[in-house]
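Coordinate analysis (summary)
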Amino acid sequence: MAGTIDYGNLMHRAMRGLIQEVLEGVQENGLPGAHHFFITFDTNHPEAALADWLKQRYPNEMTVVLQHWYDNLEVGNEGFGITLNFGDAPESLFVPYDAIQTFVDPSVEFGLRFEKQVGDASEEESEDQDDESAEKPAADIVSLDSFRKH
């Protein structure tokens, strides 16, 4: 066993399991009540699959909304596939759980944010990363202010 317990990665795995469980429920029963999700993911993740024009439009990250119209939700152990409508153009996506950066359900003010782990093989410097973000804990609850309708 290693010299320390990697709580950050353990939390990430548990939170991604929570997302998988929630999406499995939606796959089986649809979205209950007013629930809907904003899911931001890294479009550069090697296993993320999206149309070339979407990749060009969102070269680093993309936020998708699961609310009124979605189709073909397929939830697996590594990620989920879904067809979403982009300006009357249905497009299929595959989002690996490891690519998810935020998961927000504003209907109940619930949110998760995944911070990059120190020593993470996929970690790269980003233009909007600052010294303050390096000091944040590995798992945060997302501020919902940016998702609220004013």
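Residues numbered from 1 in each chain as written. Predicted model: local features only at pLDDT ≥ 70, side-chain atom pairs only at ≥ 80, totals over all residues. Heavy atoms only, no water.

A look at the side chain of R16
- Structurally, R16 can be placed in helix 1 (residues 7-29).
- For R16, a relative accessible area of 13% puts it in the buried group.
- Ignoring anything within four residues of it in the chain, the contact list for R16 reads Y97, D98, I100 and F114. (Helix = DSSP H or I, 4+ residues; strand = E, 2+ residues; numbered from the N terminus. Buried < 20%, exposed > 50% of the residue type's maximum accessible area, 1.4 Å probe, protein only. Contact = heavy atoms within 4.5 Å.)

With respect to the sheet that holds strand 5 (residues 90-96)
- Across the sheet, which stays open at both edges, the three strands sit in the order 3-4-5 with antiparallel pairing between neighbours. Only two strands of the sheet have a single neighbouring strand rather than two, namely strand 3 (70-75) and strand 5. Averaged over all pairs of adjacent strands, the angle between strand axes in this sheet comes to 15 degrees, irrespective of strand direction.
- Direction of pairing for strand 3 relative to strand 4 (residues 79-85): antiparallel, over a ladder of four bridges. (Pairing = 2+ DSSP bridges. Axes fitted to C-alpha atoms, helices over the stretch in contact; angles between N-to-C directions.)

A few points about the packing of aromatic side chains
- Under the counting rule described, the total for this entry stands at two aromatic pairs.
- Judged by centre distance (5.0 Å) and plane angle (35 degrees), the ring pair of F37 and F103 falls under tilted. Taken together, the positions of F37 in strand 1 (residues 37-42) and F103 in strand 6 (residues 100-105) put the pair 66 residues apart, joining distant regions of the chain. Pair check on accessibility: F37 and F103 agree, each one buried.
- Judged by centre distance (6.1 Å) and plane angle (90 degrees), the rings of W53 and F86 are edge-to-face. Here F86 lies in the loop between strand 4 and strand 5 and W53 lies in helix 2 (residues 52-57), a separation of 33 residues in the sequence.
- Classification of W53 by relative accessible area gives partly exposed; the value is 34%.
- Above the ring of F114, the side-chain terminus of R16 is found at 4.3 Å from the ring centroid. (Phe/Tyr/Trp six-rings, centres within 6.5 Å; stacked < 30°, edge-to-face > 60°. Lys NZ or Arg CZ within 6 Å of the ring centre and 35° of its normal.)

Focus on a nonpolar patch on the surface
- A cluster of nonpolar side chains, namely I5, Y7 and L10, defines an oily patch on the protein surface of about 320 Å² accessible area.
- On the secondary structure map, I5 appears in the segment before helix 1. (Patch = residues over 30% accessible without salt bridge, like charges linked within 9 Å, V, L, I, M, F, W, Y side chains within 5 Å. Areas by Shrake-Rupley, 256 points an atom, 1.4 Å probe, with all protein chains shown as cover. Salt bridge = Lys/Arg side-chain N within 4 Å of Asp/Glu carboxyl O.)

Here we look at the pairing of strand 7 (residues 110-114)
- Note that strand 6 and strand 7 share four bridges and pair antiparallel. By the bridge assignment, F103 is partnered in strand 7 with L112.
- Taken together, strand 6 and the strand that follows it, strand 7, pair antiparallel across an intervening segment of four residues, in which E109 is found at a positive phi of about 50 degrees.

Quick word on the environment of V26
- On the secondary structure map, V26 appears in helix 1.
- The exposure class of V26 is buried, given its relative accessible area of 5%.
- Each residue touching V26, except ones within four places of it in the same chain, is listed here: L31, F37, Y70 and L73.

Observations concerning the pattern of salt bridges
- In total, this model carries one salt bridge according to the counting rule given.
- For D98, the salt bridge is made with R16, and the minimal N-O distance between the two is 3.8 Å. Of this pair, D98 sits in the loop between strand 5 and strand 6 while R16 sits in helix 1, placing them 82 residues apart in sequence.
- A relative accessible area of 55% places D98 in the exposed class.

Here we look at unusual backbone geometry
- Phi is positive for D88, which is not a glycine, with a value near 65 degrees.
- Tracing the chain through its elements places D88 in the loop between strand 4 and strand 5.
- Positive phi, close to 50 degrees, is recorded for E109, a residue that is not glycine.
- The topology assignment puts E109 in the loop between strand 6 and strand 7.
- A relative accessible area of 52% means that E109 is categorised as exposed.

Nothing here speaks to function; it is geometry throughout.
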